[in-house]
Amino acid sequence: MLKRLGIRKDEPPDREAVQADAQQILAYLEELSRLGSLVHLLLRSEPATCLGARVGPVNEEDGSFSLSFPHQVPRLKPGEVVALHFPLAGMRFEAEITFLDRGRYMESRFRLPKKVRFADRRISHRARIGAREKASVAVFESLFEGMAASGRLVNLSMEGLCLRLERAIQVQDGRRLAPHPDLFTVCNELQVVRILNLPHLPTIECSGEIHHCAPVAGGAIHLGLRLTGLGSVDFQNLERFMMRRLPSFGHSFPSRRRHGAGQEPEDEDSVALGEAEEEGLDLELPDDPEGFEEMLGGLLEAPETNPLEATDEQLPDRLLRFRRRTKRLLVIMPDDLDRSIFVCTLHIGGYSCSTEARNLIQALELTKRVHIDAIFLDEQIGPLAGTEVAVRLRKMGRLGDAPIFLFHQAPDVRVVLSAKAAGVNHVLKVPVDFDGDLKDLLDRTLGLIKREGPN
C-alpha cells in the first residue's frame, strides 16, 4: 500500500530538500572563500561548542577544503564529523563535514560535504519589512468593544507578524490610549487583523491571536501575532509576497557558477532582502503617522444594538459570515467533480476559505504548511479508506484539535465506532444536506455559535 502511494518504509513522506550537486557545493565553498564570509563550526561536545571560522582554499582534486580560525583551533580526531553552518544568498545552510588533519597555522582541513541542507533558525520564514515600505497593521479585539491598535509592520510570515505599536484606542468611545506592554493579553483572540500597504498587494484581512507584547530597544513596543483564518485570495497574495521577498521560502537552492567560470550577477531577491533589512534598521516612520482613522477602514461604526449581548438567533449575519470566512477548511476527495461541488457549496454557505487535496500526500503537505480548522474526508481516497487517512493525518500532520468530518454512503453503528476510534469527529451520510444539517453542525463544532448542550 505504501508503495502504491510512492512512500518507502525507510523514508518519511516529507523528506527534506538537499543539495547534492558536487559542482554546486564546490561553487558555494569557493564563493564563501572569495567573500570571506563568517561560517560556524558546531562541535558535538559536552557542552556543545560553536566556533567562528572562514573558508580557506578549496581543493577539488583531493576533495578537501580548509577552515581558518581567528582564536582557537578545534581539537578533533581524524574522521570526526562536525556540522558546518554558513550563510549564502540571504539564506542559511548546514552540511556535515569530516575532519582530516591540521593544515597551516590556525587552519584545519576537512573533507568536502556530500550534501547541503537548509538551516533556517525559524520554522516559519520571516520577511523583514523596511520603514520606507510604509506597510502597517491595524488590529481589533472586537468590532464592537475592546481595544484597537495600529502601527508599522516589522516582519511578516505565513504564520504571523510583528508590528510596532504606535496608536491604540478604545473601540466603544474612540478614546485614545498610550501604547504600553499591558495593552493586550497574551493568547487573546483578535477578531480582525488588517495588513495594509504591502507592496503591490491589496489589504489582507484575517483574524489572529496575541503571541507577545513587550518593549524593545529604543522604547518601542512590539506586538507579535499569530495569523488565523486567512481567506483563499489573501493567502495566495501573502504567499506571492513571501516568494518574492525570501529566496528560501520556496525551498529553492541558489545556483552558483564555479570560480573562474565568469561572474554571476548578484541574486535580485537577496539584494531586495538586504535593502529591506538596512531600511528596517536605520529608518523609522514619524511618531505621528497620518491616516489612522482611514486605516481602521470604517470598522468602528457603532451598531444600533450590542451583538455581544445578543443570542445566537440574534447574532448579526455580517459577523457570522465574517467568522465563517476566517476558517480554513481542507476538503480531501479524489473525484474532481465531487470535490468542486462540495467546495462551491461551502463557499455559498459562507466558508470561502477552502483548500483542496486529491490524496494523502497532498493533504499531508497542506497540513504541515498551513493551519487547518476542519477537514472533510471522502469514505475512500485512492487505495485508502477515509478512516486510514484520518489516522495518518492525526499522526503525521499538524492538526491539533481540528475536527474531521467523514462522508459515508451507509454510516451504520460499526462505521461510526471505527471512525471515532480513528479520530473522526462526525460521520455524515451522503448526500449531505448542507443547509439543513451540516451548516449548523459545522458552525457549532468550530465554535462560531454557542453549543446547545453536550455533543
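Coordinates for the structure precede this section.
Residues numbered from 1 in each chain as written. Predicted model: local features only at pLDDT ≥ 70, side-chain atom pairs only at ≥ 80, totals over all residues. Heavy atoms only, no water.

A. Region of the structure containing the environment of Ala-20. With respect to the helices and strands, Ala-20 occurs in the loop between β1 (18–19) and α1 (22–35). Placed 93 residues apart in sequence, Ala-20 and Pro-113 show a C-alpha to C-alpha distance of 8.9 Å. Not counting chain neighbours up to four residues away, the residues in contact with Ala-20 comprise Ile-25, Lys-114 and Lys-115. (Helix = DSSP H or I, 4+ residues; strand = E, 2+ residues; numbered from the N terminus. Contact = heavy atoms within 4.5 Å.)

B. Representation of unusual backbone geometry in the model. That bond from Val-430 to Pro-431 is cis: its omega, 0°, falls within 30 degrees of zero. Its location among the elements puts Pro-431 in the loop between β23 (426–429) and α10 (434–445). The phi torsion at Asn-197 lies on the positive side, around 65°, for a residue other than glycine. Examined against the element boundaries, Asn-197 turns out to sit in the loop between β14 (189–196) and β15 (204–215).

C. Focus on empty space enclosed by the protein. Taken as a whole, this structure holds three cavities of 30 Å³ or more when the rule is applied. Roughly 130 Å³ of internal volume is contained in the largest cavity. Met-158, Glu-159, Leu-227, Thr-228, Gly-229, Leu-230, Phe-235, Arg-328, Arg-369, Val-370, His-371 and Asp-373 together form the lining of the largest cavity. Of the residues belonging to the lining of the largest cavity, the class tally is five nonpolar, three polar and four charged. (1 Å grid on protein atoms, 1.4 Å probe; cavity = no way out; pocket = protein on both sides within 12 Å on 5 of 7 lines; lining within 4 Å. Points joined across faces, edges and corners; volume = space filled by probe spheres on them. Nonpolar A, V, L, I, M, F, W, Y, C, P; charged D, E, K, R; others polar.)

D. Seen up close, the packing of aromatic side chains. Within this structure, the stated rule accounts for nine aromatic pairs. In textbook terms, an aromatic cluster arises when at least three aromatic residues are bridged by ring pairs, as seen for Tyr-28, Phe-86, Phe-93 and Phe-118. The side chain of Arg-328 reaches across the aromatic face of Phe-235, ending 4.4 Å from its centre. (Phe/Tyr/Trp six-rings, centres within 6.5 Å; stacked < 30°, edge-to-face > 60°. Lys NZ or Arg CZ within 6 Å of the ring centre and 35° of its normal.)

E. Representation of the side chain of Ser-207 in the model. The residue Ser-207 is located in strand β15 in this model. Judged by its relative accessible area of 11%, Ser-207 falls in the buried class. Only 2.8 Å separates the side chain of Ser-207 from the side chain of Thr-228, close enough to count as a polar contact. With sequence-adjacent residues up to four places away left out, Ser-207 is seen in contact with Leu-190, Gln-191, Val-193, Arg-226, Leu-227, Thr-228, Gly-229 and Thr-326. (Buried < 20%, exposed > 50% of the residue type's maximum accessible area, 1.4 Å probe, protein only. Polar contact = N/O pair within 3.5 Å; in protein donor to acceptor, adjacent residues only side chain to side chain.)

F. Spotlight on the sheet that holds strand β19 (residues 374–377). The five strands lie next to each other as β18-β17-β19-β22-β23, forming an open sheet whose pairing is parallel. The two strands at the open ends of the sheet, each matched to only one other strand, are β18 (354–357) and β23. Direction aside, neighbouring strands of the sheet carry axes that sit 20° apart on average. In terms of strand pairing, strand β17 (residues 329–332) meets β18 through four bridges, oriented parallel. Within β18, the position partnered with Leu-329 by the bridge is Ser-354. (Pairing = 2+ DSSP bridges. Axes fitted to C-alpha atoms, helices over the stretch in contact; angles between N-to-C directions.)

G. Seen up close, the nonpolar core. Counting residues in each nonpolar core, the largest one holds 58 residues, and the members touching the most others are Leu-161, Val-193, Leu-377 and Leu-393. Setting aside chain neighbours within four positions, we find Leu-393 in contact with Ile-332, Leu-360, Ala-363, Leu-364, Thr-367, Ile-375, Leu-377 and Leu-399. Leu-32, Phe-69, Phe-110 and Val-116 belong to the second largest nonpolar core, which has 30 residues in total. (Core = buried A, V, L, I, M, F, W, Y, C linked by side-chain atoms within 4.5 Å.)

H. Focus on helix α7 (residues 360–369). Where α7 is concerned, the buried positions are Leu-360, Ala-363, Leu-364, Leu-366 and Thr-367. Seen from one end, α7 has its buried residues packed into an arc of 165°, which puts them on one side. Buried residues along α7 sit in contact with β17, β18, β19, β21 (384–385) and α8 (386–396). The backbone nitrogen of Ile-361 lies 3.3 Å from a side-chain oxygen of the residue at the head of α7, namely Asn-359. (Arc of directions from axis to C-beta.)

I. Focus on the pairing of β19. Burial along β19 is two-sided: Ala-374 and Phe-376 facing one way and Ile-375 and Leu-377 facing the other are all buried. As judged from the three bridges shared by β19 and strand β22 (residues 404–408), these two strands associate in the parallel manner. Considered in β22, the bridge of Phe-376 is made with Phe-405.

J. Spatial organisation of the environment of Val-432. Structurally, Val-432 can be placed in the loop between β23 and α10. When the C-alpha atoms of Val-432 and Phe-342 are compared, they prove to be 9.4 Å apart, with 90 residues separating the residues in sequence. If near-sequence neighbours (up to four positions away) are discounted, Val-432 is found in contact with Phe-407 and Leu-438.

K. Region of interest: the packing of α7 against α8. It is at 10 Å that the axes of α7 and α8 come closest, and there the two elements cross at 30°. Our classification of the angle between α7 and α8 gives roughly parallel. When you trace α7 past α8, the crossing you get is right-handed. In this structure, α7 uses Leu-360, Ala-363, Leu-364, Thr-367 and Lys-368 to contact α8, whose residues at the interface are Val-389, Arg-392, Leu-393 and Met-396. Split by residue class, the contact of α7 with α8 holds six nonpolar, one polar and two charged. (Parallel < 35°, antiparallel > 145°, perpendicular 65-115°, else oblique. Left-handed = near helix turned anticlockwise from the far one by under 90°.)

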